[in-house]
Amino acid sequence: KAKVEGHRHLFYTQKMTDTVAQRLNLENQLRQALDKNEFVLHYQPKVNLASGEITGVEALIRWNDPLTGLVLPDSFISILEETGLIYDVGLWALHQALQDFLRWRAAGLNAVRIAVNVSPLQMRHPGFAAAIEQIVAIDPRAAQGLELEITEGMVMADMKQAISSLHAIRALGISIAIDDFGTGYSSLGYLSKLPVDTLKIDRMFIADMVTDPQGLSLVSTIINLAHSLQLKVVAEGVETEEQSRLLRLLKCDQIQGYLFSKPLAVEVLEETFLRRLG
Ligand code: C2E
Ligand code: CA
Ligand code: CA
Ligand code: CA
């Protein structure tokens, strides 16, 4: 018996060591990825439901690992956060997104706005508002076209601090969207106090909308709530015509999802969608 337990113990320890080693290795690779400029932004269009036009794009980060190819953010964002690398990578993403945005502006695409995801950690950093201010100072048109997507969790962690940084950011002319809306613990009272412009309904609710009547009434309630607070609403993860049709009936402002387009490499986005807007 002792022998078996001994063996099992050894087995688990070996496994744990592997995991720690793997994480350390990934952490080093991510550090180098930033230096070697291996992160890339893909862009997913957002479409106005009434006009059918592209109103903006969301920047979604990927790591172009020379060994394995494109790595999606779900497998590295948490490590960037745990190691604090998210500060530098987050600033890189803002810089890169604005650079692309200003190039589109220069080409005459005045209607397309750009949204960048911001980690709660990044936003809580005391230097964040100043860093943003510096970035948008590059061009006076930058702030007007920029939207930051933040999650409910970020706001709930420290309401007072969140409200004051959001005010500072909005004073620069930047818009704020609440991402993954409905997955946190928002209350009506807090939502009405937040200086934000847009709610993005989490794709989980959009998936339930067609199959489940309660799901439909939930989405309808969120849209009406947003409008009563003078907020715009974006539905995430719209994959079918039926979802799109229902969302139009419910007066949702914009949709984003595979139905219209997956996130695209910048050259593909420009080739496919931005050209004809110009
Ligand atoms: P998110 O901000 O909620 O982004 C939406 C995610 O849903 C993206 O996954 C997108 O590719 C995916 N998606 C879009 N349309 C559909 C659809 O119709 N169906 C389905 N099933 N999925 C759809 P992605 O690109 O893997 O990003 C995952 C998450 O990583 C993002 O969720 C965001 O929280 C985070 N993230 C991405 N880029 C950044 C960044 O630059 N900074 C930070 N802090 N987080 C980022
Ligand atoms: Ca987002
Ligand atoms: Ca989201
Ligand atoms: Ca999400």
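What you see is a predicted model, and the numbers here were worked out from it, not measured in a lab. (Residues numbered from 1 in each chain as written. Chains lettered and ligands numbered in written order. Predicted model: local features only at pLDDT ≥ 70, side-chain atom pairs only at ≥ 80, totals over all residues. Heavy atoms only, no water.)

Participant: So what about the pairing of strand β2 (residues 54-65)? Which residues, and what values?
Facilitator: Counted residue by residue, β2 has 10 buried out of 12 residues, so it is predominantly covered. Pairing of strand β1 (residues 39-48) with β2 involves 9 bridges; the strand directions are antiparallel. Each bridged residue has a counterpart across the sheet, and for V47 the counterpart in β2 is I54. Turn length for the β1-β2 hairpin, with the two strands adjacent in sequence and antiparallel, is 5 residues, and the turn residue G52 shows positive phi of about 75 degrees. Across 4 bridges, β2 lies against strand β4 (residues 113-117) in parallel orientation. Following the sheet pairing, G56 is matched in β4 by R113. In the sheet, β2 pairs with strand β3 (residues 69-71) via 3 bridges, with the strands oriented antiparallel. (Buried < 20%, exposed > 50% of the residue type's maximum accessible area, 1.4 Å probe, protein only. Helix = DSSP H or I, 4+ residues; strand = E, 2+ residues; numbered from the N terminus. Pairing = 2+ DSSP bridges.)

Participant: Describe the packing of helix α3 (residues 85-106) against helix α5 (residues 128-136), listing the residues and the values that go with them.
Facilitator: Viewed as axis vectors pointing N to C, α3 and α5 meet at an angle of 25 degrees, and their least axial separation amounts to 10 Å. Taken as axis vectors, α3 and α5 run roughly parallel relative to one another. Seen along the crossing, α3 lies across α5 with a hand that is right-handed. Between α3, through L91, L94, H95 and L98, and α5, the contact on the second element is made entirely by F128, A131, I132, I135 and V136. Residue composition of the contact of α3 with α5, grouped by class: 8 nonpolar, 1 polar and no charged. (Axes fitted to C-alpha atoms, helices over the stretch in contact; angles between N-to-C directions. Parallel < 35°, antiparallel > 145°, perpendicular 65-115°, else oblique. Left-handed = near helix turned anticlockwise from the far one by under 90°. Contact = heavy atoms within 4.5 Å. Nonpolar A, V, L, I, M, F, W, Y, C, P; charged D, E, K, R; others polar.)

Participant: Please set out the coordination of the calcium ion (ligand 4) residue by residue, giving values where relevant.
Facilitator: Protein coordination at the calcium ion (ligand 4) comes from D180 (OD) and D180 (OD), with a distance range of 2.7 to 3.0 Å. Taken as a pair, the calcium ion (ligand 4) and the calcium ion (ligand 2) show a spacing of 5.8 Å. The topology assignment puts D180 in strand β6 (residues 175-181). (Donors = N, O, S within 2.8 Å, 3.2 Å for Na, K, Ca; no water.)

Participant: Explain the site of ligand 1 to me, and be specific about the residues and the numbers.
Facilitator: Inspection of the region around ligand 1 gives 20 residues, with Q44, R62, R203, E239 and Y258 positioned closest. Residue R62 places a side-chain N or O atom 2.9 Å away from an oxygen atom belonging to ligand 1. Contacts to ligand 1 include D180, whose side-chain N or O atom sits 3.2 Å from an oxygen atom. In the complex, 84% of the free accessible area of ligand 1, which totals 800 Å², lies under the protein chains. Those elements that place two or more of their residues in the shell around ligand 1 are β2 and β6. (Near = heavy atom within 4 Å. Polar contact = N/O pair within 3.5 Å; in protein donor to acceptor, adjacent residues only side chain to side chain. Areas by Shrake-Rupley, 256 points an atom, 1.4 Å probe, with all protein chains shown as cover.)

Participant: Break down the confidence of the model for the protein for me, with residues and values.
Facilitator: Across the protein, the average pLDDT comes to 90, with 91% of residues at 70 or higher. For this predicted complex, the interface confidence reaches an ipTM of 0.98, while the overall pTM sits at 0.92. (pLDDT = per-residue confidence, 0-100.)

Participant: Give me the coordination of the calcium ion (ligand 2): which residues, what numbers.
Facilitator: The calcium ion (ligand 2) binds to the protein through E58 (OE), N117 (OD1), E149 (OE) and D179 (OD); the donor distances cover 2.2 to 2.3 Å. Going along the chain, you hit the donors of the calcium ion (ligand 2) in the pattern E-x58-N-x31-E-x29-D. The distance between the calcium ion (ligand 2) and the calcium ion (ligand 3) is 3.9 Å, with D179 acting as a donor to both metals. Pair noted here: E149 is in strand β5 (residues 146-151) and D179 is in strand β6, with a separation of 30 residues, a long-range link.

Participant: Describe in detail the environment of L98, supporting the description with residues and values.
Facilitator: Mapped onto the fold, L98 is located in helix α3. Take L98: its relative accessible area is 3%, and that puts it in the buried class. Along the primary structure L98 and R113 are separated by 15 residues, whereas in three dimensions their C-alpha atoms are 9.9 Å apart. When residues no more than four places from it in sequence are discounted, the contact partners of L98 are I135, V136, A142 and L146.

Participant: An account of the side chain of Q256 is requested, with residue identities and associated values reported.
Facilitator: Checked against the element boundaries, Q256 lands in the loop between β9 (254-255) and β10 (264-265). Polar contacts involving the side chain of Q256 include one to the side chain of K200, which spans 2.8 Å. Apart from residues lying up to four places away in sequence, Q256 is in contact with Q44, P45, K46, E58, K200, V234, A235, E236, G237 and V238.

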